[in-house]
Amino acid sequence: MTRDDTVAILGILKTSYPNFYKDMKKDMKKDEMYNTIDLWSEMFANDDVNIVKVAIKELIQTLRFPPAIADIKQKMYELTNQETLPTDLWASLKKAISNSAYHSVEEFEKLPNECKMFVKNPRQLKELSQNDAEINNTVVKGQFFKQIEVIQKRMKEEKQMLPEARRVREMALKVGQDVSGLLSE
């Protein structure tokens, strides 16, 4: 999204919430306006302007006050990502387990990403297929349902993370590396 797109988006908000922004022009200093535009431009720099507009219009329909950046980002995530129910994920994994005695690699590749994170690799899927069905339907199922919400939350946070924050995190995971230089890029 460009700076001009940001100005247009802020204009939509101003039009939609006239009482909130009525004194903004006279109360807000010029540098504060530029700072606001700069911040919004930076926060949405990697986003498609059309998705941002749709998210804002969706929020305008229900919010009595202007949305914050976090509200818009959350709505964008909801519009562009469909979270699968844990029970549906378990059904996918259970099916893959039952077909993995001889086809674990193929079955692993067909799994939703959340299930892949739980199983970790095709070898693990094959090992699960060697279990007694009762073990998979009780112990493994219990472990799955305990972990899947954490896995889904982690995946959501990863998708919403700013590219700069992702780079800092990746560098920080490399033991002994100084990440302070990444913040100035």
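Remember, it's a predicted structure, so these values are computed and weren't measured experimentally.

The next point concerns helix H10 (residues 122-130). Among all positions in H10, only Pro 122, Leu 125, Leu 128 and Ser 129 are buried. One face of H10 carries all of its buried residues, which in axial projection span an arc of 115°. Away from the buried face of H10 by more than 90 degrees, exposed residues Arg 123 and Gln 130 are located. Buried residues in H10 make contact with helix H7 (86-98), helix H8 (100-110), helix H9 (113-119) and helix H11 (133-160).

Here H11 contains 28 residues, and its C-alpha end-to-end distance of 37 Å stays within 8% of the 40 Å for a straight helix at 1.5 Å per residue. By the largest-angle criterion, Gln 147 marks the main kink of H11, which is about 35°. All buried positions along H11 are accounted for by Asn 136, Val 140, Phe 144, Ile 148, Ile 151, Gln 152 and Met 155. Of the surrounding secondary structure, the elements contacted by the buried residues of H11 are H7, H9 and H10. Two or three places before Glu 134, at the start of H11, stands the capping residue Asp 132, its side-chain oxygen 3.0 Å from that residue's backbone nitrogen.

Time to look at the side chain of Ser 129. With respect to the helices and strands, the residue Ser 129 is situated in helix H10. Of note is the side chain of Ser 129, whose polar atom sits 2.5 Å from the backbone oxygen of Lys 126. Setting aside anything within four residues of it in sequence, one finds Ser 129 in contact with Ile 97, Ser 100 and Ala 101.

Reading the values: rules and limits
Residues numbered from 1 in each chain as written. Predicted model: local features only at pLDDT ≥ 70, side-chain atom pairs only at ≥ 80, totals over all residues. Heavy atoms only, no water. Buried < 20%, exposed > 50% of the residue type's maximum accessible area, 1.4 Å probe, protein only. Helix = DSSP H or I, 4+ residues; strand = E, 2+ residues; numbered from the N terminus. Arc of directions from axis to C-beta. Contact = heavy atoms within 4.5 Å. Expected span 1.5 Å × (residues − 1). Bend = angle between axes of the 7 residues up to and from the residue. Polar contact = N/O pair within 3.5 Å; in protein donor to acceptor, adjacent residues only side chain to side chain.

Geometry only, nothing functional implied.
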